[in-house]
Amino acid sequence: MTTIQERNETLAADFRGAMRRLASGVALVTTADDNGARYGIAMTALMSLSMEPPSLLIAVNRTASLCEPLVARGRFGISLLGRDQEQTCQDFVSAPADRRFDVADWDTHESGVPLLRSALAGIVCTLDQAEPFGSHMVIRGLVDYVSLASTSDALVYLDGRYGGMAVNV
Ligand SMILES: Cc1cc2nc3c(=O)[nH]c(=O)nc-3n(C[C@H](O)[C@H](O)[C@H](O)COP(=O)(O)O)c2cc1C
């Protein structure tokens, strides 16, 4: 007979398997503190929330080095990655937290938030709400600034691997 604990573990493993089948765009999410120290992680848990007002949701693991500085600062940047930026993403993720911004070239928005110069799009948000849920902090951001590259060919993360997607026109 399966115990409740075994059933919960099976459900969690199946849910992880289901989420691995969800193809996602990839972003580098960043902030900076008052001393100019920069923080960032790679992220797939990102969605558009509303156009009125322009707003989005992200989910940040509460143990991630980004989480506390982002909530404290109340501003953050989203750099959406293009399909040729898998290496940038991997180098950024694998670097120690204090060396991540040695990877690639960064601009600094007037808010102090770093944005990846070669991103598909750069977005700067003001934190509107941060609510802890389970392992993560669910953060609602109000969009202050957007920059767009001329291409939309996107880096995609699916089943633990990277791929690329382009729109055929
Ligand atoms: C493709 C990819 C997607 C990720 N998505 C998220 C995410 O949505 N939320 C999150 O908190 N961490 C996500 N992570 C993990 C973080 O990027 C980071 O590695 C982890 O939070 C540890 O960060 P730290 O070393 O700065 O503490 C993702 C990592 C990768 C490689």
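Every value quoted in this text rests on a predicted model; they were computed, and no experiment measured them. (Residues numbered from 1 in each chain as written. Predicted model: local features only at pLDDT ≥ 70, side-chain atom pairs only at ≥ 80, totals over all residues. Heavy atoms only, no water.)

A. Inspection of a nonpolar patch on the surface at higher detail. Residues F15, M19 and L22 make up a contiguous nonpolar surface patch of roughly 320 Å² in combined accessible area. Its location among the elements puts L22 in the loop between α1 (4-20) and β1 (24-25). Overall, L22 belongs to the partly exposed group, its relative accessible area being 49%. (Patch = residues over 30% accessible without salt bridge, like charges linked within 9 Å, V, L, I, M, F, W, Y side chains within 5 Å. Areas by Shrake-Rupley, 256 points an atom, 1.4 Å probe, with all protein chains shown as cover. Salt bridge = Lys/Arg side-chain N within 4 Å of Asp/Glu carboxyl O. Helix = DSSP H or I, 4+ residues; strand = E, 2+ residues; numbered from the N terminus. Buried < 20%, exposed > 50% of the residue type's maximum accessible area, 1.4 Å probe, protein only.)

B. Structural context of the site of the ligand. Taken together, 16 residues surround the ligand, and among them A42, A45, N61, S65 and R100 come closest. Between the ligand and the protein, one listed contact pairs a nitrogen atom with a backbone N or O atom of A59 at 3.0 Å. Contacts to the ligand include R100, whose side-chain N or O atom sits 2.7 Å from an oxygen atom. Across the complex, the protein chains shield 73% of the 620 Å² of accessible surface that the ligand would expose by itself. Counting residues per element, the ones that place at least two in the shell around the ligand are β3 (38-43) and β5 (54-61). (Near = heavy atom within 4 Å. Polar contact = N/O pair within 3.5 Å; in protein donor to acceptor, adjacent residues only side chain to side chain.)

C. Structural detail: the pairing of β5. Judged from the five bridges that link them, strand β4 (residues 46-51) and β5 form a sheet pairing that is antiparallel. In the strand pairing of β5, L46 is matched with I58. Counting the residues in the hairpin turn of β4 and β5 gives two residues. Alignment of β5 against strand β10 (residues 136-148), held across seven bridges, turns out to be antiparallel. Considered in β10, the bridge of L57 is made with R140. (Pairing = 2+ DSSP bridges.)

D. Expanded view of the nonpolar core. Among the nonpolar cores identified, the biggest contains 17 residues, and V29, I58, V60, F76 and I78 are the most heavily contacted of them. Looking at this core, the elements with two or more residues in it are β2 (27-32), β3, β5, α2 (67-73), β6 (75-80), β9 (121-133) and β10. Once you skip the residues sitting within four places of it in the chain, I78 turns out to touch A27, L28, V29, L46, L56, I58, L115, A121, G122 and I123. (Core = buried A, V, L, I, M, F, W, Y, C linked by side-chain atoms within 4.5 Å. Contact = heavy atoms within 4.5 Å.)

E. Local environment of the pairing of β10. Note: β9 against β10, twelve bridges, orientation antiparallel. Bridged to A130 within β10 is I139. Hairpin connection, β9 to β10: the antiparallel pair is bridged by two residues, and G134 has positive phi, about 55°.

F. How the structure looks around the pattern of salt bridges. By the definition in use, this model includes eight salt bridges. The shortest N-O distance in the salt bridge between R99 and D102 comes to 2.7 Å. When its relative accessible area of 49% is taken as the criterion, R99 is described as partly exposed. For R161, the salt bridge identified is with D159, shortest N-O distance 3.8 Å. Among the charged side chains, a network of salt bridges with common partners joins R20, D159 and R161.

G. View of the sheet that holds β6. Overall, antiparallel pairing links the seven strands, which are arranged β3-β2-β6-β9-β10-β5-β4 in an open sheet. Where the open sheet ends on each side, the last strands, each with one partner, are β3 and β4. Averaged over all pairs of adjacent strands, the angle between their axes in this sheet comes to 30°, without regard to strand direction. Direction of pairing for β2 relative to β3: antiparallel, over a ladder of six bridges. What sits directly across from A32, in β3, is R38. Here helix α3 (residues 86-94) sits on the sheet in contact with β2 and β3, set at roughly 125° to β3. (Axes fitted to C-alpha atoms, helices over the stretch in contact; angles between N-to-C directions.)

Just geometry here; none of it tells us what the structure is for.
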